Structure formats: C-alpha cells, structure tokens
Amino acid sequence: MRASFPKNFYWGAATSAHQVEGGNTNNWTEWEKANARRLALETKERFSALPMWSRLKGVMRDFQNYISKDACDHYNRFVGDFDLARSLGHNAHRFSIEWSRIEPKEGVFDESEIKHYRAVIAALRERGMEPFLTLWHWTLPLWLSEGGGILHPKFPEYFERFAMRAGEAFGGEVKFWITVNEPEIYCLNSYYRGIWPPEGRGLVAYYRALSALIAGHRRAYSVLKNGRSNIHVGASLNLSWFESAGGWHDDFLKMLIDQIWNFHFIKRVRGTIDFIGLNYYFHNRIESGLNKNANERVSDLGWEIYPEGLYRMLMELKRYQLPIYITENGIADMYDALRAEFIREHIAAMERAMKDGVDVRGYFYWSLLDNFEWDKGFWPRFGLIAVDYTIQKRTIRASAQEYAKIITSHREGLLGP
C-alpha cells in the first residue's frame, strides 16, 4: 500500500534562537535575572504534582536553572548541530532569528549578525535542508521592551521594518517565512496571566497585544511578499482540539472557545497568510467545564499525550483550504521512554488527516535539541538530541533514530514506520 506523502514533504525539527543560541541580551534575559530566585522558590507550588518532581526537585530549586546563559551554544555550534540533523534524515529545519541581535538599537542593524544568520541559512542549504525562518519567537530588543514592547503604539511599524530588513538580507535564500510564533500563548502568559514578561494582567491587555501582533503580521506579510513571488509567508499557532462531551452546553462552549482561541488569528489575517503553521501539544475535553481530560498518558510536564487531537485539529483546519505545516509537536521526556511512540502516533494521526483531504506538507518535531524552556528553565527535555549543558556534549537519543526510520520508510512509499 502506497503512502499519501508527497515526494517533496518536509521532515525536520524546530528550534528558537533564545532557547538554543546562548549569549543573548534581550527582554527575556533581563527578566530571567530578576526572577530566577523567585521561580526557584516557587518550584514546589508549581511542579510538585509532576511525575519528575522527586527526581528533579534539586535542579528545579536551583535558581541557575532559570537563567539561559549559554543555553546550547548553538550560536557557535550550529554547523555540527545541522550535521546531526542531516544524519537523521531531516530535509528541513525551522529556526528563528534573534531580533535583539539584528537590531540592537532602534533603527540600527548589525551587519555582522545578519552575516551570521546568512551563514546559518547557507549551512542548511549545503546539507540539503530547507530553511523555515521564524521572524519572532517571543523575545524583544531592550529598546523596544523598555518603550512598551508589543503594546508600543509603533510596534506594528517596528516589526514591519524588521521584516523588511530580514527580507532584504535573506529573501533570496529563504522560501518559507513564519512571521510570529504562538501569538495566543505569548499574549495569554505575558498579558493575561502575568507569568511572563512584561507580566501584564487582564483581558483588555491580552486583546490589545494580540491585535498588535495581528497588525504586525499583516505588515510583515506585505513587505516580505513585495517583489518576491517565490516565497510563502505564514504564522505558527498553538491550537488545541477542544472536544465536547456531547451536551448542548458543552457544544456551545466548544464553539465559543474555538472562535476565541483557535480561529481568531486566522480569521483576522485572511488574505495575508499563505499557510498555517500548527503547533500541536494540547487536547481539552469539555464536560461541564474545561480540562476534563483523562490524562491516561502524560509527559514529564504533565501534559496529556493525545495524538487523536492532532487528527481532529487538522480536520477542523481543513475549512481554510490552506497548506498546513506542523511546525511544532513534541514531548518532554527525560528518559526517552515515550518519545518514539509519541512521534509514531502523531505522524500516523497526521497521515490519516492527509488521506482525508487535509493539505499537510511538513512535520517538525519540537525540538532538535534539549533547550531552555522559558520560565521552566533547562530541566524539561524535549530534544531528539540530548545536551549535557556543562560541557555542551550532544548525544542522539534512540527516539531520534526511530524518527529517522519513519522518515526513510515514508520516503520509500511505505505506510507506517
């Protein structure tokens, strides 16, 4: 039986600049320094219910865990990291560029950093890997964050200028552009829940921030597409499959939450989006309230493993008749006990959706490397490749080899791994 995967399907993994590069100076590095000790003191309250608490509470209580420092030193080691990705059969890689490096002062662009990212793109091309470039993965230059960040009245204009310079610098070598990563997650945690910088709180702040990112996306799309007919511009969205238990009130709540969370951004940017980037991590069962999940299998972070939700979410996105790339899908699994099965099951769910008419064109596992997971620090291990942060040693996990076998088997036209 032949597989439904097109010959030019993209297989790879994803990273983000702040989480892997190291040596950054931006709004997150300043927030880390100011909040590391508080985060360490709050670990029991935050993590004691997790499966890994007893084994990792020492690390979780260490304030150094919450400061990104050198991260994976990917800034200096990207060539070797891409060699490893290529050895695993990846033909594409999603990464982000660091705004604070490229524009460290307002309106001043650092040509040496632009040259660095040109080298990153060239290294991918030399290894036969298609670059998927993300403009913004949550960090901001200090000049912008100190002036109001996302809520600065001129944020959309600043983002447009950044996108224009990036397009001029990399447009000849990058076909796939992602303007913003998970705008809904960023706005939820940074402007509604107040747990990420700048620690805003409230529904009004959430919608103001989301509207700013929508405006920024639309402007970035326009300048990136101007004179470049061969590029594709989209956004990566963290979408959850909200499952109704079946009662009329559950159906109504699903419809309402879907419109607020899953489809609001897509609807607002219609006409300025060439593809949807789907980041799938969460399923949410609605039964007289949210989060009524069975949680029969969970990751180290306590997140439910529910591949059926990926199939369902893809089917719900079919209505937009746009190409879809799964730009993130991964699991925190320190001992690599669940990752191979996680990948197999989610790819199988993706394949079912493709057979049912969904135009999926790529799958990017999160993440290529263990990395700095924002307010959780270094202890969650998402990587196909394990990183010993003390000596920056890389070790390919067994699950990465299984993913490589899956890639090979699908390229050969076989169903399943």
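Residues numbered from 1 in each chain as written. Predicted model: local features only at pLDDT ≥ 70, side-chain atom pairs only at ≥ 80, totals over all residues. Heavy atoms only, no water.

Caption draft 1: Examining the overall build of the protein more closely. If you tally the helices and strands in the protein, you get 16 helices and twelve strands. For a compact globule of 417 residues, the expected C-alpha radius of gyration is about 22 Å, and the protein comes in at 20 Å, within 12% of that figure. Along the longest, intermediate and shortest principal axes, the C-alpha atoms of the protein span 55 × 50 × 45 Å. Expressed as a percentage of its 417 residues, the buried residues of the protein come to 61%. Within the protein, contacts between residues at least 6 apart in sequence are counted, and of these 76% link residues at least 24 apart. (Helix = DSSP H or I, 4+ residues; strand = E, 2+ residues; numbered from the N terminus. Rg over C-alpha atoms; globule rule 2.2 N^0.38 Å. Buried < 20%, exposed > 50% of the residue type's maximum accessible area, 1.4 Å probe, protein only. Contact = heavy atoms within 4.5 Å.)

Caption draft 2: Region of interest: the pattern of salt bridges. All told, the structure shown has 31 salt bridges when counted by the stated rule. Between K254 and E316 there is a salt bridge, and its shortest N-O distance comes to 2.9 Å. Of this pair, K254 sits in helix 12 (residues 248–262) while E316 is found in helix 14 (residues 308–317), placing the two residues 62 residues apart along the sequence. Considered together, K254 and E316 belong to a single accessibility category, that of buried residues. Three or more residues are tied together by salt bridges with common partners; here these are R46, D375 and K376. (Salt bridge = Lys/Arg side-chain N within 4 Å of Asp/Glu carboxyl O.)

Caption draft 3: Representation of a nonpolar patch on the surface in the model. Together, W248, F252, M255, L256 and I260 make up a nonpolar patch on the protein surface, roughly 560 Å² of accessible area in all. Tracing the backbone through its elements, the reader meets L256 in helix 12. Judged by relative accessible area, L256 falls into the partly exposed class, the value being 38%. (Patch = residues over 30% accessible without salt bridge, like charges linked within 9 Å, V, L, I, M, F, W, Y side chains within 5 Å. Areas by Shrake-Rupley, 256 points an atom, 1.4 Å probe, with all protein chains shown as cover.)

Caption draft 4: Region of the structure containing the nonpolar core. In this structure, L135, F170 and M350 are the most contacted members of the largest nonpolar core, which totals 138 residues. Top element by residues in this core is helix 11 (residues 203–225). It accounts for eleven residues. (Core = buried A, V, L, I, M, F, W, Y, C linked by side-chain atoms within 4.5 Å.)

Caption draft 5: Spotlight on the environment of G194. Positionally, G194 belongs in the loop between helix 10 (183–192) and helix 11. Apart from residues no more than four positions distant in its own chain, G194 is found in contact with L188, N189, E199, G200 and R201.

Caption draft 6: Local environment of the side chain of E184. Its location among the elements puts E184 in helix 10. The side chain of E184 is buried and forms no salt bridge, while R94, the nearest opposite charge, is found at 9.8 Å. A polar atom in the side chain of E184 sits 3.1 Å from the backbone nitrogen of N238. Those residues in contact with E184, other than ones at most four positions away along the chain, are Y206, L210, L237, N238, L239 and W261. (Lys, Arg positive; Asp, Glu negative; His and termini not counted. Polar contact = N/O pair within 3.5 Å; in protein donor to acceptor, adjacent residues only side chain to side chain.)

Caption draft 7: Seen up close, the pairing of strand 1 (residues 10–14). For strand 1, the tally of buried residues reaches five of five residues, placing the bulk of the element in the interior. Side chains of strand 1 alternate between two faces, with Y10, G12 and A14 and W11 and A13 buried alike. Taken together, the five bridges between strand 1 and strand 10 (residues 360–366) define a ladder with parallel strand orientation. Among the inter-strand pairings, Y10 is bridged to a residue of strand 10, identified as G362. Relative to strand 2 (residues 92–96), strand 1 runs parallel, the two being bridged by three bridges. Within the sheet, the bridge partner assigned to A14 lies in strand 2 and is R94. (Pairing = 2+ DSSP bridges.)

Caption draft 8: Main features of the side chain of D81. In this fold, D81 is placed in helix 5 (residues 74–87). Residue D81 is classed as buried on the basis of its relative accessible area of 2%. Engagement of the side chain of D81 in a polar contact is seen with the side chain of H74, the distance being 2.7 Å. Other than its neighbours up to four places away in sequence, D81 contacts H74, L368, L369 and R394.

Caption draft 9: Geometry of the packing of helix 7 (residues 111–126) against helix 9 (residues 155–170). At a minimum axis separation of 10 Å, helix 7 and helix 9 run at an interaxial angle of 55 degrees. If you check the angle between helix 7 and helix 9, you find them oblique. Crossing hand, helix 7 versus helix 9: right-handed. Counted together, E111, I114, Y117, R118 and I121 of helix 7 and R165, A169 and F170 of helix 9 form the full contact between these two elements. Here the residues of the contact of helix 7 with helix 9 are counted per class, giving five nonpolar, no polar and three charged. (Axes fitted to C-alpha atoms, helices over the stretch in contact; angles between N-to-C directions. Parallel < 35°, antiparallel > 145°, perpendicular 65-115°, else oblique. Left-handed = near helix turned anticlockwise from the far one by under 90°. Nonpolar A, V, L, I, M, F, W, Y, C, P; charged D, E, K, R; others polar.)

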